[in-house]
Structures are given as structure tokens and as C-alpha cells.
2 protein chains.
Amino acid sequence: MTRTLYSLCGEDIARPFSPHCWKVVMALHHKGLDFEERRLAFTAIPSAENGVSKTVPILRDGSEVVADSFRIAAYLDEAYPEAPTLFGGEGGVAMARFVEAYSNTVLHPAIARIALLDIHALLGPEDKAYFRESREKRFGKTMEDVVARREEEIAAFPARFEPVRHLVKQQPYLGGENPLFADYIIFGALQWLRVCAGSIFMAKDDPVTLWFERCLDLYNGMARETA
Amino acid sequence: MTRTLYSLCGEDIARPFSPHCWKVVMALHHKGLDFEERRLAFTAIPSAENGVSKTVPILRDGSEVVADSFRIAAYLDEAYPEAPTLFGGEGGVAMARFVEAYSNTVLHPAIARIALLDIHALLGPEDKAYFRESREKRFGKTMEDVVARREEEIAAFPARFEPVRHLVKQQPYLGGENPLFADYIIFGALQWLRVCAGSIFMAKDDPVTLWFERCLDLYNGMARETA
């Protein structure tokens, strides 16, 4: 096995939760590529591949080392053009960047305001200290203040998916009949919430829930096994 | 001239404002295709091309008649593959659908809550009656109630563009170095607001404003001439 994905985990190595790492796990399955996953605590990331990146995912593929989920997906489509495409061409790459921007600016902040303490609870002692310090610096307030309006965020959460809902009402995936990397970008956000908080806070018959369930079914239900 | 675009106007034929028609005007320029524009009042649309569509844009191209802005763009890319692409491949089509969903579900409702009465003011008497009735039915309230919190909507408006901002901070257009149909989708929404309300309610140095100005400069500043 020459392919290694460095990803993230908390105290329980069996429950990986990082949205960005989930995107790449889905992308590797999409391409039909074998890989070994090495799950690291936050504070162990600098030890991976001689500290090539401050964040995971990092993919080693033979002699290539690539960090950042989007770059990894772009690398996979370039390096393995004969396997199913993750983007469907150059226009698809540009537009997947828009889906990423939407996920990072609309969904991720909302998920943080719901699940920040849930994420923290999954970490080992050393990571807990690192996570609190880095996140309180990023948000400019205590973690408890970030989630102070959790119930309101949960109530407002389904509406944030209106663009996704609009599309998956009409077609099975954002990519059309089949998923593309754009699907895995949004999937990663919801899988993060599902693993950390135990729910995606969406009605069972919501088209977004039905789409998410379709994603969980992909690749022999691989992503569903993590709960 | 064999190409005719049926579009929308108010009482002043020189001030077309429809977001969906603007998307197609930009797309036709992007493809470098000549066309004659026939601007119609809302209540004149059923007379175009024997009532083929209840809405404009409608494009007649030789013997082909296509309605709906997205279908027209897809048709243009298929019919004129040698001209610059509007989507950059199949993945780009799927992803532009997401940008459309975002525009329709996030931007258009916000613009209606700001500019519904401004749009109404641009219409001739017959259209005014049609517009009030159809919009009050759609929104389930009077037009005056729709815009009752106009000032709050204006204050919240720039934040709704956060995914666009995130991207155009890093690259000139949503499409990358050059615009794609996805750019014209968002452009159409802001041009609609600009023509109807006289402002896009965005700071001058906002990356979204700078991107919008770049779009206004395209094709010899053609879209800027409408104000």
C-alpha cells in the first residue's frame, strides 16, 4: 500500500469527524483508490510528513505529498483521469470552489455555534487545551459563548441549506445523477455535525436529509459506520 | 439577423431590469453572438412566439426557440461549441445549477424585500395591476408588507454575498480568470437591483462591488449603459 491519508480524530480513533478529511475519504472511494488512513490528534499533526502542513488532510501518494482537501481532490482528478471524475472538467472545478465558499462561510460557522462543545468533548486532554485556546482566539470569545444561542442556531439550521435543498429536490446529487466533489464538500459538513453532535437537526423527510442518506449509502455505507 | 431575444421592460423600454434576461444578454455577448432584443411588458409576454412560454427570456435562433435562462445558456454552449464556453464542461453545468439555486433562494428573496415597490414603480399601468396581483399572491401579503423591513434587509444584504465574496477575493471571477455563466447568474441579480433601486447597497471597496464593476466593464461596458 503506497497511499496514506493523514486525517483527524479525537480520543476515540474510531470516530473521525473532520469535515475536510471526510471530503477526501469520500473522494478516494469515488476514485476507487485504496488507501491507509492514519488518524491523528490535533497536536500530533506537526509530526506527520515532517510537518509539511499545519492541518490535515494530508495525502501521500507514492512520492507525492499533497495537503488541503480541495487540492487533494484536484490532484486526484489530474493523477487518475481514467477513474470517475470528481469535477467534470474545469468549469466544475471553478464552481466547486463556490460550493466550498458557501460551506465554509454559511454552514461551518453555524455548525460551530451548535457543536463546538461537542467537538471539544471528543478530544483527549492535550488536544482539549489546544482546541480551546485556538478556537477562543479565532472566535474572539469563550467556547461557551460561541454556543450560547445553540437552540436558536438549531432552529435556523435547515434554512441555511435552502440552495442545496432547491437542487436535490430536482436531482439525486448536486453533481446531477451521480455525486461530484461538490457533494462531498457539503456531506463533510453534515457528517462532522452527525459524528460530533449525534444529529443533523433536519426533518427526516427533508430533501437534504434524503440526499445525506444517499451519501451515507455510497461505497457500501462506509461513512455510515462512523457514528 | 436571425437571432431574437425576447426580454422584459417596464414603461421605459431603455431600462431592462429582469435578472434572468440580463443573464442571457451577458451570455450572448460572452459567446460573441449578434442578436436583436425585443423588450416586452409583462402583459405582452403571451404574445411572443405564440405564447411558447409564460416568462421571458425566450430566444429564437433560426428555427430553434428556447425559453428559460439556464436552458438558453446550455443551448448556446451546445449549439456554438467553438465560441468561449459558458460552463467549462458538464461538471460546470451541474455546479452552475447550485449558483442558480443560491441566487434564487438567498439573493432574489432579499432583493424582493428591498426593491419590490421600486420594480412596481417602473411598470406601465396595465403591468402594475398584473404585478401587484401576482406578487401579492406569491408572497401571501401586500407589496407594502413585503418591503416593510426594507432598511433591515439593506443592512443584512452584504452578508448574504459571503460565499461570492470569499471567492472573488481570491480570483477575478467565480469562473476563475474569466467569467462563466455562474458569474452572469449573480450579476443578473445585482443588475436587477441596480436598475430598479439605483444602488447595490454594498460598500465601494467590497470585493463583491469590485467584481460587479468588472462585470459592468465587460463587452465594452454594455451593461453599464442601462442605469
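Basis of the calculations
- Residues numbered from 1 in each chain as written.
- Chains lettered and ligands numbered in written order.
- Predicted model: local features only at pLDDT ≥ 70, side-chain atom pairs only at ≥ 80, totals over all residues.
- Heavy atoms only, no water.
- Least-squares fit on C-alpha atoms with pLDDT ≥ 70 in both.
- Contact = heavy atoms within 4.5 Å.
- UniProt positions renumbered as here; feature names shortened; annotations may be inferred.
- Helix = DSSP H or I, 4+ residues; strand = E, 2+ residues; numbered from the N terminus.
- Phe/Tyr/Trp six-rings, centres within 6.5 Å; stacked < 30°, edge-to-face > 60°.
- Buried < 20%, exposed > 50% of the residue type's maximum accessible area, 1.4 Å probe, protein only.
- Lys NZ or Arg CZ within 6 Å of the ring centre and 35° of its normal.

Caption draft 1: Spotlight on the relation of the copies chain A and chain B. Each copy superposes on the other: chain A lies on chain B with an RMSD of 0.0 Å after a rotation of 180° and an axial shift of 0.0 Å. Interpreted geometrically, this transformation is the action of a two-fold axis. Identified as the residue of chain A closest to the rotation axis by C-alpha distance is Gly 92 of chain A, at 1.9 Å. In this assembly, 100% of the residues forming the interface of chain A have copies in chain B that are likewise at the interface, indicating an isologous arrangement.

Caption draft 2: Fine view of the UniProt feature "domain: GST N-terminal" (unreviewed entry) in chain A. Residues given the UniProt feature "domain: GST N-terminal" (unreviewed entry) here are residues 8-84 of chain A. In the segment residues 8-84 of chain A, helix accounts for 30% and strand for 18%; the C-alpha atoms at its two ends are 26 Å apart.

Caption draft 3: Highlighting the UniProt feature "domain: GST C-terminal" (unreviewed entry) in chain A. Within this structure's numbering, the places UniProt gives as "domain: GST C-terminal" (unreviewed entry) are residues 89-227 of chain A. The distance from the first to the last C-alpha atom of residues 89-227 of chain A is 34 Å, and the span holds 70% helix and 0% strand.

Caption draft 4: Quick look at the packing of aromatic side chains. Following the criterion strictly, the structure yields 19 aromatic pairs over all chains and no others. Considering the side-chain rings of Trp 22 of chain A and Phe 187 of chain A, the 6.4 Å spacing of their centres and the 80° angle between planes classify their relative orientation as edge-to-face. On the criterion of sequence distance, the pair formed by Trp 22 of chain A in helix 1 (residues 19-30) and Phe 187 of chain A in helix 8 (residues 181-197) is long-range, its members being 165 residues apart. Residue classification places Trp 22 of chain A among the buried positions, given a relative accessible area of 5%. By way of ring pairs, the aromatic residues Phe 98 and Tyr 102 of chain A together with Phe 98 and Tyr 102 of chain B are connected into one cluster. Sitting over the ring of Tyr 173 of chain B, Arg 214 of chain B keeps its end group 5.9 Å from the ring centre.

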